[in-house]
Amino acid sequence: MCYNTSKAQSAIEYLMTYGWMLLVVAIVGGAIFAMVGDQSIETVTGFDGQSIAIDEVGMTSEGMSAVVRNQDSDSITINEIKLSDGDNEVIVFPGKSVSVADTDTVRFPVFETDSGTNAIDATINFDSGNLEGMETSGTITGNYFLDENFDPREWRTWQYNAQGTGYHPYTWGPASEPDIEWRVEDGGNYRSNPSLSNGTVYQSVRNETADTGFYVNAYDAETGEEEWSYDMEGTGEEGTGISNYDNLEITDDYVIGYRWNNTLFALDRETGNLEWEEEGQYNAYEDGILYITDGWQGEPSPINREGVGDWPDTITALELDTGNELWSTEIEFEATGQRENVANELEPEEEDGARWPYRDAGIRPTPVIDDEKLYAVGRGNVFALDKENGELEWNTEIEKGVVGRPAVGENGLYITSDSGHDIDEDNTELPEHYESNFWKLDKETGEIEWSHDTGERAWSGPGIYDGKVYAATRNATASPNEVNVNSFDKESGEEEWSRTLDARDAYGAPLITEGTVYQSTQNHDDEDSNLFAFDAYTGETIWEKSVGHNSRSTPTVGEGRLYFNSRDDGHHLYMLE
């Protein structure tokens, strides 16, 4: 089986600095080198080309990594690496150039196993100067397996994986300022994030001008050509359309999303045909199990009126193929939230244009999942369930309203919060200024380990990469507004770097590839929105690009390309390369 895969940003600093680097192996002319210090890797043989050397081989939770060194007198470009264990074959396409005497890191979908010793043959195809299609081969032997079912081209869900980390170890984005290769205009209102799978980009869109204005669209990832479009038969009214705050979930068979009228739907991912509909709303998927919340039902309460409707407070686990319910758990919340900038005594005729205050007590963003637990948030609570039986393990109250999808790492749960949703006892007044916080909770107990004041408003969740966590927040006291992008040590909470951007807001979450953090911003008035690429370790700007206007999207990355939504004039989906 063949799968296109990864190019990562240069990460030698990552290998040299952080503890999983194993051994320097100088590989020439067919010699055999024993790997010591990691019992899973036994030997590396071959790789006898004169242009390339393998300097380090190591195992991480994301798979095997190798550092490639250019020994030639010209720059080399690694075209592909073919991996085979005798039964299965995977082809990875790093697509990266390595300067003379420089190094770069490649990753393989090779993972440790508890039993058996396997040999994986690797053939590196590369260009050197004017010489094309050169090859060098070798074998790596040890206790691991080649994951033939792993396709690193995928970005199937919000923040890449069920853990919500925003980090994809097997793909890469543009190394320098990209060009706009294509854009699709379909009159939509983008707040959701594009999903990517098997060469197709999937997008939900709300068309505010059409009579039936809610669609799910599929586009060829390379050309932007439409593959199919499904009309969700909305009426242009909020209650019946697709939610445009979260992205679609792509499984092997389905494109799953939900409408604001509390309907979960699944489309055939190849044809766009509607396969089934169920009651439900926010959803997460892993290993054949779909976790859904009961949807919010009712209407927001206008100013000076009693609230009506119930916020989602139940999570249910279903087998996706059969629809069998595995468990269902109800969570108790305190109503903690109310929208900002609300006048106290507006008459009904004055309500137009004012934000409606409503309680945000229920489960809102998409849950995240690790090996044992499912984690979800409401506006004032963070809680964990046993993912096997749904038993509530802990429920932690947060003093500020929780926003954005959380992210779960090896030993912590990371969340952003926003005091702009706080209200006083009379449920009338809001603070003049807001504070955003970034939190780490012990994922086993729910105990708060540390928090940071990061700005004034937080709309998106965090990202996790290589011992660090990243968050973007708005500073509304600046005139005009600014956006702060922060990096923290994920264990201690110590700030490592902070960048201040001239932008109105940051609705998108950080997107991370090897060594690079991408962040979108929404700019002031009619100015273009910007995409930024930062060095993940220093915060130094690698490039920035003006794209569209009024972006509220997290970009999606795949094989040197970025896919990006913007609510500019006409509303567009962009591909940048």
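Residues numbered from 1 in each chain as written. Predicted model: local features only at pLDDT ≥ 70, side-chain atom pairs only at ≥ 80, totals over all residues. Heavy atoms only, no water.

## Remarks on the overall build of the protein chain
This is how it is decided: Numbered from the N terminus, helices here are DSSP runs of H or I no shorter than four residues, and strands are runs of E no shorter than two. Burial classification: accessible surface area is computed with a 1.4 Å probe over protein chains only, and a residue below 20% of its type maximum counts as buried, one above 50% as exposed, and the rest as partly exposed. We call two residues in contact whenever any of their non-hydrogen atoms come within 4.5 Å of each other.
When you go through the protein chain residue by residue, the secondary structure sums to one helix and 46 strands. Counting over 577 residues, the protein chain shows a buried share of 60%. Of the contacts made within the protein chain by residues no fewer than 6 positions apart, 54% connect residues no fewer than 24 positions apart.

## Concerning the pairing of strand β19 (residues 226-231)
Put simply, the rule is: Strand pairing follows a simple DSSP-based rule, namely that at least 2 bridges must link the two strands.
Note that strand β18 (residues 214-220) and β19 share five bridges and pair antiparallel. The partner of V216 across the bridge, within β19, is Y230. Counted along the chain from β18 to the antiparallel partner β19, the turn is five residues long, and its residue G224 has a positive phi close to 80°.

## Some details on the sheet that holds strand β46 (residues 572-576)
The cut-off we apply is this: A fitted line through C-alpha atoms represents every axis, and for helices the fit uses only the stretch in contact; the resulting angles, taken between N-to-C directions, go from 0 to 180 degrees.
Strand order in this open sheet of four strands is β14-β46-β45-β44, and the pairing throughout is antiparallel. Two strands lie at the open edges of the sheet, namely β14 (180-185) and β44 (556-558), each paired on one side alone. Across the sheet, the axes of successive neighbouring strands diverge by a mean angle of 20°, strand direction being ignored. In this structure, β14 lies alongside β46, joined through five bridges in antiparallel fashion. Its bridge partner being in β46, E185 is matched across the sheet by H572.

## As for the environment of W497
Put simply, the test is: Any pair of N or O atoms that falls within 3.5 Å is considered a polar contact. Within protein, one atom must be able to donate a hydrogen and the other to accept it, and sequence-neighbouring residues count only if both atoms are side-chain atoms.
Tracing the chain through its elements places W497 in strand β39 (residues 495-501). Each C-alpha atom, one on W497 and one on S487, is 5.3 Å from the other, the two residues being 10 residues apart in sequence. Residue contacts for W497: discarding those within four places in its chain leaves Y470, V485, N486, S487, F534, D535, A536, Y537, T538 and G539. A distance of 3.2 Å separates a polar side-chain atom of W497 from the backbone oxygen of A536.

## Examining the sheet that holds strand β42 (residues 529-535)
Within the open sheet, the four strands sit side by side as β40-β41-β42-β43. Their pairing is antiparallel. In this open sheet, the two edge strands, each paired with only one partner strand, are β40 (511-513) and β43 (541-547). Between one strand axis and the next, the sheet turns through 15° on average, direction left out of account. Pairing analysis gives six bridges linking β42 to β43, with the strands arranged antiparallel. Residue F534 lies in a different strand from β43, and its bridge partner there is T541.

## Some points on the packing of aromatic side chains
Our working rule: Pairing of aromatic rings covers Phe, Tyr and Trp, the last counted by its six-membered ring, and requires centre-to-centre distances within 6.5 Å; plane angles under 30 degrees mean stacked, over 60 mean edge-to-face, and any other angle means tilted.
Across all of its chains, the model carries 17 aromatic pairs by this definition. A ring pair is formed by W497 and F534, whose centres lie 6.1 Å apart and whose planes are at 50°; its orientation type is tilted. Within this pair, whereas W497 is found in strand β39, its partner F534 is found in strand β42, the two being separated by 37 residues in sequence. For the pair W497 and F534, a shared accessibility class is recorded, and that class is buried. An aromatic cluster of three or more residues is present, and its members are Y414, F438, W450 and F488.

## So, the pattern of salt bridges
To keep things clear, this is the line we draw: A carboxyl oxygen of Asp or Glu within 4 Å of a side-chain nitrogen of Lys or Arg is what we treat as a salt bridge.
Under the criterion given, the structure shown has 12 salt bridges. Put simply, E270 and R269 hold a salt bridge, and the shortest N to O gap is 4.0 Å. For E270, a relative accessible area of 58% translates into the label exposed. A relative accessible area of 6% places R269 in the buried class.

## As for the nonpolar core
As a rule of thumb, nonpolar side chains are buried together in soluble globular proteins. For clarity, the threshold we go by: In these notes, a set of buried Ala, Val, Leu, Ile, Met, Phe, Trp, Tyr and Cys residues joined through side-chain atoms within 4.5 Å is what counts as a nonpolar core.
Counting 27 residues, the largest nonpolar core has M64, I81, L83, F108, V110 and I124 as its most contacted members. Taken together, the elements giving at least two residues each to this core come down to β3 (41-46), β4 (52-60), β5 (63-70), β6 (76-84), β7 (89-92), β9 (103-108), β11 (118-128) and β13 (144-146). Judged by nonpolar contacts, the second largest core, of 22 residues, contains V201, A533, V547 and M575.

## Description of the environment of R69
Mapped onto the fold, R69 is located in strand β5. Remark: the alpha-carbon pair of R69 and I52, spanning 17 residues in sequence, is separated by 5.7 Å. At 2.9 Å, the side chain of R69 forms a polar contact with the side chain of Q71.

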